[in-house]
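Take a look at the letters that make up each chain.
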Amino acid sequence: MDVYEAVDSRRAVRAFSDEPVSREVLERVLAAATRAPSSGNLQPWHVYVVAGEPLAELKRRATARALAGDPGDEREYPMYPAELAPPYLDRFSAAAAQRYEALGIERDDPERPRKIAALNSGAFGAPVVLFCYLDRTMGPGQWGDAGMYLQTVMLLLRAEGLHSCPQVMWTMYRDTVSRTVGAGDGLTLFCGVSVGFERDGVPRLRTRRADMTETVSFVGV
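Now for a quick tour of the structure.

The rules behind each value
- Residues numbered from 1 in each chain as written.
- Predicted model: local features only at pLDDT ≥ 70, side-chain atom pairs only at ≥ 80, totals over all residues.
- Heavy atoms only, no water.
- Buried < 20%, exposed > 50% of the residue type's maximum accessible area, 1.4 Å probe, protein only.
- Helix = DSSP H or I, 4+ residues; strand = E, 2+ residues; numbered from the N terminus.
- Arc of directions from axis to C-beta.
- Contact = heavy atoms within 4.5 Å.
- Patch = residues over 30% accessible without salt bridge, like charges linked within 9 Å, V, L, I, M, F, W, Y side chains within 5 Å.
- Areas by Shrake-Rupley, 256 points an atom, 1.4 Å probe, with all protein chains shown as cover.
- Salt bridge = Lys/Arg side-chain N within 4 Å of Asp/Glu carboxyl O.
- Axes fitted to C-alpha atoms, helices over the stretch in contact; angles between N-to-C directions.
- Parallel < 35°, antiparallel > 145°, perpendicular 65-115°, else oblique.
- Nonpolar A, V, L, I, M, F, W, Y, C, P; charged D, E, K, R; others polar.
- Pairing = 2+ DSSP bridges.
- Phe/Tyr/Trp six-rings, centres within 6.5 Å; stacked < 30°, edge-to-face > 60°.

**What to know about helix 2 (residues 23–32)**
Stage number 1. Those residues of helix 2 that fall on the buried side of the exposure criterion are Val 25, Leu 26, Val 29 and Leu 30. Projected down its long axis, helix 2 carries its buried residues within an arc of 125°, all on one side. Seen from the buried face of helix 2, the exposed residues on the opposite side, beyond 90 degrees, are Arg 23 and Glu 24.
Stage number 2. The inward-facing, buried residues of helix 2 abut strand 1 (45–51), strand 2 (128–135), helix 6 (140–159) and strand 4 (187–196).

Structure (structure tokens):
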């Protein structure tokens, strides 16, 4: 798979099979991802790879919280800006409508928030979740580094025939996650990334993207 194909085929998959992912493949991907860009070569990410019974127990605990209507732990950073204006709000709303349709959840379903939370907390059935943390002393530049690192990981996963789904939702249950992985108080949970093989026979969501002309300006080219 070349880079263009990996980029084009990468998407957030929300229906994984229970086929296991070998440690050998995960180690190969994560070893290669160490070459991701990093300002000053700080490499600020701390990753915990969780599978098997520890992940099953984490899913059970997080799902119990979600179904109980638990609003989650105090947020350490906002998932989105407090005020979203066009065109960002338009893109957000359109993508949300696509996700609800693909998941078979009606927008006017009064149980929608709990259903969505429960699907998320189950990692959409993924057999592996990577949890990415950063040291609390890190700033916006290092958060950008973490994003570039995770994109590198997700593209390498595609090269292995795997799919992924980045989930900031896990920060809502950061205390539960931290107890599972043993992350210290000096680390902040950035997000989780569910990893696995896509389940057959489910609707495949591919959110629309803005045309390049909406986001790119050429100067002197």
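Past the structure itself, the notes keep going.
**Structural notes on a nonpolar patch on the surface**
Stage number 1. On the surface, Met 79, Tyr 80, Leu 89 and Phe 92 cluster together to form a nonpolar patch covering roughly 340 Å² of accessible area.
Stage number 2. For Met 79, the position within the fold is in the loop between helix 3 (52–67) and helix 4 (88–103).
Stage number 3. Relative accessible area serves as the criterion here: at 33%, Met 79 is assigned to the partly exposed category.

**Details of the packing of helix 3 against helix 5 (residues 112–121)**
Stage number 1. With their axes 8 Å apart at the nearest point, helix 3 and helix 5 run at an angle of 170° to one another. Judged by the inter-axis angle, helix 3 sits roughly antiparallel to helix 5. Contacts between helix 3 and helix 5 pair Lys 59, Ala 62, Thr 63, Ala 66 and Leu 67 from the former with Arg 114, Ala 117, Ala 118 and Ser 121 from the latter.
Stage number 2. Its residues assigned to classes, the contact of helix 3 with helix 5 shows five nonpolar, two polar and two charged.

**Comments concerning the sheet that holds strand 2**
Hydrogen bonds between backbone groups are what pair the strands of a sheet, and the pairing can be parallel or antiparallel.
Stage number 1. Strand order in the open sheet formed by four strands is 1-2-4-3, with antiparallel pairing between adjacent strands. Because the sheet does not close on itself, it has two edges, and the strands there are strand 1 and strand 3 (163–167). Between one strand axis and the next, the sheet turns through 25° on average, direction left out of account.
Stage number 2. As judged from the five bridges shared by strand 3 and strand 4, these two strands associate in the antiparallel manner. What sits directly across from Cys 165, in strand 4, is Ser 194.
Stage number 3. Sheet strands in contact with helix 6 are strand 1, strand 2, strand 3 and strand 4, and its direction is about 10° off that of strand 4.

**A few points about the pairing of strand 2**
On a regular strand, one side chain projects to one face of the sheet and the next to the other, so that they alternate.
Stage number 1. With respect to burial, strand 2 is a largely interior element, seven of its eight residues being buried.
Stage number 2. Pairing between strand 1 and strand 2: seven bridges, direction antiparallel. For Val 49, the partnering residue across the bridge sits in strand 2 and is Leu 130.
Stage number 3. Where strand 2 and strand 4 come together, eight bridges link them in antiparallel fashion. Residue pairing across strands places Leu 130 opposite Val 193, the latter belonging to strand 4.

**Remarks on unusual backbone geometry**
The bulk of non-glycine residues show a negative phi, and the bulk of peptide bonds are trans.
Stage number 1. Residue Pro 87 is bonded to the preceding Pro 86 through a cis peptide linkage, with omega at 5°.
Stage number 2. Mapped onto the elements of the fold, Pro 87 is located in the loop between helix 3 and helix 4.
Stage number 3. If you check the backbone angles, Gln 43 has positive phi at about 45° while not being a glycine.
Stage number 4. Positive phi outside glycine occurs at Ala 123, with the angle close to 55°.
Stage number 5. Position of Ala 123 relative to the elements: it lies in the loop between helix 5 and strand 2.

**Here's the deal with the packing of aromatic side chains**
Stage number 1. Going through the model one piece at a time under the given rule, you end up with six aromatic pairs.
Stage number 2. With a centroid separation of 5.3 Å and an interplanar angle of 70°, the aromatic rings of Trp 143 and Phe 190 are classed as edge-to-face. One end of the pair, Trp 143, is in helix 6; the other, Phe 190, is in strand 4, with 47 residues separating them in the sequence.
Stage number 3. Here the aromatic residues Tyr 77, Trp 143 and Phe 190 are joined through ring pairs into a cluster of three or more.

**Comments concerning helix 7 (residues 174–181)**
Stage number 1. Considered for burial, the residues of helix 7 that qualify are Arg 174, Thr 176, Val 177 and Val 181. With its buried residues spanning 160° around the axis, helix 7 presents them on a single face.
Stage number 2. Structurally, helix 7 contributes buried residues whose contacts are with strand 1, helix 3, strand 2 and strand 4.
Stage number 3. A positive backbone phi angle near 80° is found at Gly 182, which sits one or two residues after helix 7.

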